[in-house]
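What follows is each chain in one-letter form.
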Amino acid sequence: MASKHRLSTSKIVHPDKDPVLNEENPFDAMMSRFDRAAELLDLEPGIYKILRNAEKQITVSCPIVMDNGEVEVFTGHRVLYNTSRGPGKGGIRFDMHVTLEEVTALAAWMTWKSAVVNIPFGGAKGGVVCDPLKMSVGELERLTRRYTVGIIQTLGPDSDVPAPDVNTNERVMAWVMDTYSMHVGHTTTAVVTGKPVEMGGSLGRREATGRGCTIVTTDALDHLGMHVSKSTIAVQGFGNVGSTAAMLLEEAGAKIVGISDRDAAFHNAKGINIKQAIEYVKKNKSLKGFKGGDEIQGSELLTLDVDVLLPAALESVITTKNAHDIRAKVVCEGANGPTTAAADSILDEKGVFVIPDILANAGGVTVSYFEWVQDRGGYFWDEKTVNDRLTEIMRRSFADVLALSKSHKGNMRTAAYMLSISRVASVHRLRGIYS
Ligand code: GLU
């Protein structure tokens, strides 16, 4: 079986044994998990070949006039990985480290994520290479609009629907929606999700990813015979996902003993007051200088002796270098790709229960789906309805993945990939190949 899938050059082996492969390359990380699941599913070579390639990759130059009158040219990407199950869905990130390869991996992850929660979307992702923290609001608006025009051919409620991601937010989505609407000649709310509620956004969307993490963490602890109200938790990243998950887990009775952002990390064995931390970050834009715990190194946060570790920042933070030192019993991947493929087996050997990213952080895209449905129907739901439906989908998906992991005697990540790849593959079989 293995030979038929060896089209991939991305098989991850331990980096010490094969120094050519880069453990921290997100596309390699995605492909190695994909390969493992494809082998277990005995996926036919034709579908395997289709699913290991992105459908469409767009790269655009975005010239804008900066506030000082000079012209700067930024590079932006949008990748549609697979749209067999529905429109491409996935966020746009603004970050200095964006590359086409990273965006492609993230678009593939979105494909598996939408499929694992069984919502009718494909996978897409966008990114612009920039440092938004160094740009004025005016510069960000001009960049967003120019990037939107650059990728406008792909955008549309039936083809490609962006959302917020790292360093983008509701305001950026409002500019994308307005630019698109101006071009097509009518207001089109369903072209983006994660918009302000006043212009067709969904109640509960902002909190959805963190809420989804909370739901699956609670279910994982129950499964392991533990209880969220008696658990200790460390959260890496204090942006929208990390701060919301920390707040909701604290509300559920957990003790949040560690938090961090890109500037600082804190430990407090008695529990950090998360509402205070959120207020502090609102005022100071970062956790730097926060007084609610002892300051520790960012790397120490990952290896704290806790029940749950919730990485909610960027990719590749749990690697072969630190996986041996992880002491958490549960890792809930709030970020996309926080664990490298090579680190998976180390966590497995240690018996860590990992809730994989494509399941753990799928709450965001699930409520994006609700937002898209509400926009298209022109009928809006109250917040309780949104949260109840989110809970139902997250719990059902967790149970589906857990059942598959038991029947295949594998871990949750492989089961999640198997479930989602089999759903995407089945649509390809039914649709056939148009040629
Ligand atoms: N950026 C989020 C993610 O990675 C949300 C995507 C969406 O809602 O389309 O899941």
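Keep in mind the model is a prediction, meaning the values are calculated, not measured. (Residues numbered from 1 in each chain as written. Predicted model: local features only at pLDDT ≥ 70, side-chain atom pairs only at ≥ 80, totals over all residues. Heavy atoms only, no water.)

## Comments concerning the packing of aromatic side chains
- Evaluation of the coordinates by the stated rule reveals 11 aromatic pairs.
- On the numbers, 6.0 Å between centres and 45° between planes, the contact of Tyr369 with Phe370 is tilted.
- With relative accessibility at 4%, the residue Phe370 sits in the buried group.
- Linked through ring pairs, Phe121, Tyr369, Phe370, Trp372 and Trp381 together constitute an aromatic cluster.
- The cationic tip of Arg389 hangs over the ring face of Trp381; the distance from NZ or CZ to the ring centre is 4.4 Å. (Phe/Tyr/Trp six-rings, centres within 6.5 Å; stacked < 30°, edge-to-face > 60°. Buried < 20%, exposed > 50% of the residue type's maximum accessible area, 1.4 Å probe, protein only. Lys NZ or Arg CZ within 6 Å of the ring centre and 35° of its normal.)

## Details of the confidence of the model for the protein chain
- Summary statistics for the protein chain give a mean pLDDT of 94 and a share of 95% for residues scoring 70 or more.
- Here residues 1–20 is a poorly scored stretch, pLDDT under 50, and it has 41 contacts once near neighbours within four places are set aside; other chains count. (pLDDT = per-residue confidence, 0-100. Contact = heavy atoms within 4.5 Å.)

## Section: the site of the ligand
- Lining the immediate environment of the ligand, one finds 14 residues, of which Lys89, Lys113, Pro164, Asp165 and Ser368 sit closest.
- At a separation of 2.7 Å, an oxygen atom of the ligand approaches a polar side-chain atom of Lys113.
- Separating a nitrogen atom of the ligand from a side-chain N or O atom of Asp165 is a distance of 2.7 Å.
- Across the shell around the ligand, the residue classes tally to four nonpolar, five polar and five charged. (Near = heavy atom within 4 Å. Polar contact = N/O pair within 3.5 Å; in protein donor to acceptor, adjacent residues only side chain to side chain. Nonpolar A, V, L, I, M, F, W, Y, C, P; charged D, E, K, R; others polar.)

## Here we look at the packing of helix 6 (residues 205–223) against helix 12 (residues 363–377)
- The interhelical angle for the contact between helix 6 and helix 12, taken along N-to-C directions, is 145°, at an axis separation of 7 Å. Regarding helix 6 and helix 12, the two cross each other, and that crossing is right-handed. Within the contact between the two elements, helix 6 uses Arg205, Ala208, Thr209 and Gly212 and helix 12 uses Gly363, Gly364, Val367, Ser368 and Glu371. (Axes fitted to C-alpha atoms, helices over the stretch in contact; angles between N-to-C directions. Helix = DSSP H or I, 4+ residues; strand = E, 2+ residues; numbered from the N terminus. Left-handed = near helix turned anticlockwise from the far one by under 90°.)

## Notes on the sheet that holds strand 9 (residues 294–296)
- Read from one edge of the open sheet, seven strands run 9-8-7-6-10-11-12, paired in mixed fashion. In the strand order of this sheet, the two ends are held by strand 9 and strand 12 (353–355), each with one partner. Across this sheet, the average inter-strand angle for adjacent strands is 25°, counted without regard to direction.
- Note: strand 8 (residues 265–267) against strand 9, three bridges, orientation antiparallel. Note on strand 9: the bridge partner recorded for Ala265 is Ile296. (Pairing = 2+ DSSP bridges.)

## Brief notes about the pattern of salt bridges
- Evaluated as defined, the whole model comprises 24 salt bridges.
- When the shortest N-O distance is used, the salt bridge between Asp158 and Arg376 registers 2.7 Å. Residue Asp158 is found in the loop between helix 4 (137–150) and strand 5 (160–164), and its partner Arg376 is found in helix 12; the two are separated by 218 residues along the sequence.
- Asp158 sits in the exposed class, given a relative accessible area of 58%.
- Beyond isolated ion pairs, a larger network of salt bridges with shared partners links Arg33, Glu333, Asp344, Asp357 and Arg413. (Salt bridge = Lys/Arg side-chain N within 4 Å of Asp/Glu carboxyl O.)

## Section: the sheet that holds strand 1 (residues 56–65)
- Spatial ordering of the open sheet is given by 1-2-4-3-5, a layout of five strands whose pairing is mixed. Two strands bound the open sheet, and with one partner strand each, they are strand 1 and strand 5. Within this sheet the neighbouring strands show an average axis-to-axis angle of 20°, counted without direction.
- Where strand 3 (residues 88–94) lies against strand 4 (residues 123–128), three bridges are found, and the strand directions are parallel. Paired with Phe94 across the strands is Val128, a residue of strand 4.

## Some thoughts on unusual backbone geometry
- Within the chain, Asp42 stands out as a residue other than glycine whose phi angle is a positive 55°.
- Among the structural elements, Asp42 can be located in the loop between helix 1 (26–41) and helix 2 (45–51).
- What makes Asp42 partly exposed here is its relative accessible area of 44%.
- Phi angles above zero are rare outside glycine, and Asn118 is one such case at about 60°.
- The topology assignment puts Asn118 in the loop between helix 3 (100–116) and strand 4.

## Let's talk about the nonpolar core
- With 86 residues, the main nonpolar core has Met30, Phe34, Trp112 and Ile259 as its most contacted residues.
- Per-element accounting of this core gives the leading share, 10 residues, to helix 3.
- Beyond its immediate chain neighbours, meaning those up to four positions away, Phe34 contacts Leu43, Tyr48, Leu51, Arg52, Trp112, Tyr417 and Ile421.
- Formed by 25 residues, the second largest nonpolar core is a distinct cluster that contains Met66, Tyr147, Val172 and Tyr180. (Core = buried A, V, L, I, M, F, W, Y, C linked by side-chain atoms within 4.5 Å.)

## Points about helix 4
- Taking 1.5 Å as the rise per residue, helix 4 with 14 residues should run 20 Å; its terminal C-alpha atoms sit 20 Å apart, in good agreement.
- Within the span of helix 4, buried status applies to Glu139, Leu140, Leu143, Thr144, Tyr147 and Thr148. For helix 4, the angular spread of the buried residues around the axis is 165°, confining them to a single face.
- Looking at the buried side of helix 4, the elements it contacts are strand 1, strand 2 (71–82), strand 3, strand 4 and helix 5 (170–184). (Expected span 1.5 Å × (residues − 1). Arc of directions from axis to C-beta.)

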